[in-house]
Amino acid sequence: MSAEGYLNHPTFGMLYRVAPAGDGRDVFATLYAQRMFFLVTLQPRGAQFEVIPYLDARHHAELNLARRRRDGAADLESWKQLFDQTFI
């Protein structure tokens, strides 16, 4: 299991890490509103934030869970329900 991760966005404040997205990118959500999602690429001189829709964020999270499941991790369907309950 990975550790929690947080970033400070210059406009939207504190973001928390939802899932890795591959290629050195992670999906983050706004901490308080839980309605905005960002694909974040950390760079040597800062971070690049790309706003993504809910369904794209969920897709990245599902891909991450599928990878983890192949490696013996948790149930994908129960996680999908938890994701929807948390962010809708």
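Residues numbered from 1 in each chain as written. Predicted model: local features only at pLDDT ≥ 70, side-chain atom pairs only at ≥ 80, totals over all residues. Heavy atoms only, no water.

1. Quick notes on the overall build of the chain
Consideration 1: A tally of helices and strands in the chain yields 2 helices and 5 strands.
Consideration 2: Counted from the first residue to the last, the chain has its helices and strands arranged as β-β-β-β-β-α-α.
Consideration 3: Expressed as a percentage of its 88 residues, the buried residues of the chain come to 33%.
Consideration 4: For the chain, the share of sequence-separated contacts (at least 6 apart) that also reach a separation of at least 24 residues comes to 30%. (Helix = DSSP H or I, 4+ residues; strand = E, 2+ residues; numbered from the N terminus. Buried < 20%, exposed > 50% of the residue type's maximum accessible area, 1.4 Å probe, protein only. Contact = heavy atoms within 4.5 Å.)

2. Section: the environment of Lys80
Consideration 1: Here Lys80 shows up in helix α2 (residues 76-87).
Consideration 2: For Lys80, a relative accessible area of 18% translates into the label buried.
Consideration 3: Each C-alpha atom of the pair Lys80 and Glu62 lies 7.5 Å from the other, and the pair is 18 residues apart in sequence.
Consideration 4: Residues contacting Lys80, with those up to four places away along its chain left out, are Arg58 and Glu62.

3. Quick word on the nonpolar core
Consideration 1: The biggest cluster of nonpolar side chains holds 13 residues, and the ones touching the most others in it are Val18, Val27, Phe37, Phe83 and Phe87.
Consideration 2: Among the elements of the structure, β2 (13-22), β3 (25-30), β4 (37-43), α1 (54-70) and α2 are those that each provide at least two residues to this core.
Consideration 3: Of the residues forming this core, the biggest block, 4 residues, is contributed by β2.
Consideration 4: In this structure Phe37 touches Val18, Val27, Phe28, Ala29, Glu50, Val51, Ile52, Tyr54, Ala57, Phe83 and Phe87, once residues within four positions along its chain are discounted.
Consideration 5: Grouped together as the second largest cluster of nonpolar side chains are 5 residues, Leu7, Leu15, Phe28 and Val40 included. (Core = buried A, V, L, I, M, F, W, Y, C linked by side-chain atoms within 4.5 Å.)

4. Re the pattern of salt bridges
Consideration 1: In the structure shown here, the tally under the stated rule is 2 salt bridges.
Consideration 2: A salt bridge links Arg17 to Asp26, with the shortest nitrogen-to-oxygen separation between them at 3.2 Å.
Consideration 3: Between Glu62 and Arg58 there is a salt bridge, and its shortest N-O distance comes to 2.9 Å. Placement of both Glu62 and Arg58 in helix α1 is noted, with a separation of 4 residues, approximately one turn of the helix. With respect to class, Glu62 is no different from Arg58; both count as buried. (Salt bridge = Lys/Arg side-chain N within 4 Å of Asp/Glu carboxyl O.)

5. Here's the deal with the packing of aromatic side chains
Consideration 1: Counting across every chain of the model gives 3 aromatic pairs.
Consideration 2: Of the aromatic side chains, those joined through ring pairs into one cluster are Phe12, Phe38 and Phe49. (Phe/Tyr/Trp six-rings, centres within 6.5 Å; stacked < 30°, edge-to-face > 60°.)

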